[in-house]
Structures are given as structure tokens and as C-alpha cells.
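# Remarks on the overall topology
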Amino acid sequence: MQFQNLIFTAIVLLLEFIPAITIASQPTECEIQRLFTNTLRPFLQTHCLACHDKKKQKGMLDLSTYSTMAAVAKDHHLWELVLEKLESEEMPPEEASRQPTPDERQAVINSIRALREHQARRQA
């Protein structure tokens, strides 16, 4: 019986710390801004803006207007589409002059997800 009480106490204590662990793993506003500045924006410049800027707008898509994290955060539906195209490796297209490495692609996918999750938490 004493062993069961000890196990129960340990479980209760563990459950009390899970929210703190979850909160600690969520990126801060500063970390999100850094993801945008160091990962997402350079990726757009290198792999996207040659076809998706004010002049070309292939697919009627101008990504040049997303020069800040706030601009990206405001357009949830578009970034869902961008995320899908990156995950399915449809974009950049095969004929693009430069292709991202698998690590670059995954880093930008993770950045977009983190940005979207951060924005969702802010609006909740």
C-alpha cells in the first residue's frame, strides 16, 4: 500500500510539471523573430522571389510583400499553402536554378510551423 502511495505521489508531481515543460519548450517572440530573419526570409530570397515577386507573380503569388514576421503571421491561409508546397517538394519546382538541400527545406518548414503555432497561441 505504501508503494502505491509513492507511485501515486510521483505521478501527481510529474503531471504538475508537464505544463511547465511544455511552456518552456515554446519559442519566445525573440526566437520566432530570429527564425524569420535567419531562416525564412533568406530562403524566400534564395529560392522563391525569382518567380514570386512583384514583377513575375507566378501563380498570382507575390511573396516579396512578406518582409516581416508580422506580415507572414497575418496571412495564415497563404502560408498553409506554402507549407504544403514545400513539404510535398512541389516548390521550388524541378526546373528552378537552385534547389534547397533537404536540411534547408526542413529548416524552413519547421520555421513556418513554429511561426504559425506561435501566432495561434498569441490569438488563443
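Residues numbered from 1 in each chain as written. Predicted model: local features only at pLDDT ≥ 70, side-chain atom pairs only at ≥ 80, totals over all residues. Heavy atoms only, no water.

### Observations concerning the pattern of salt bridges
Taken as a whole and judged by the stated rule, the model has 5 salt bridges. As a salt-bridge pair, R122 and E29 come within 3.8 Å of each other at their nearest N and O atoms. Residue R122 is found in helix α5 (residues 102-123), and its partner E29 is found in helix α2 (residues 29-47); the two are separated by 93 residues along the sequence. Of the residues examined, R122 reaches a relative accessible area of 52% and is grouped as exposed. Judged by relative accessible area, E29 falls into the partly exposed class, the value being 36%. (Salt bridge = Lys/Arg side-chain N within 4 Å of Asp/Glu carboxyl O. Helix = DSSP H or I, 4+ residues; strand = E, 2+ residues; numbered from the N terminus. Buried < 20%, exposed > 50% of the residue type's maximum accessible area, 1.4 Å probe, protein only.)

### Structural notes on α5
A rise of 1.5 Å per residue sets the reference length of α5, with its 22 residues, at 32 Å; its end C-alpha atoms lie 32 Å apart and thus fit the reference within 8%. Of the positions making up α5, those classed as buried are R105, V108, I109, S111, I112, A114, L115, H118 and Q119. Tucked inside the fold, the buried residues of α5 contact α2, α3 (69-74) and α4 (76-87). (Expected span 1.5 Å × (residues − 1). Contact = heavy atoms within 4.5 Å.)

### Examining the packing of α2 against α5
Running from N to C, α2 and α5 cross one another at 135°; their axes reach a closest spacing of 9 Å. One way to sum up the angle between α2 and α5 is to call them oblique. Note on packing geometry: the crossing formed by α2 with α5 is left-handed. Across the interface between the two elements, E29, I32, L35, F36, T39, L40, F43 and H47 from α2 touch E104, R105, A107, V108, S111, I112, A114, L115, H118 and R122 from α5. (Axes fitted to C-alpha atoms, helices over the stretch in contact; angles between N-to-C directions. Parallel < 35°, antiparallel > 145°, perpendicular 65-115°, else oblique. Left-handed = near helix turned anticlockwise from the far one by under 90°.)

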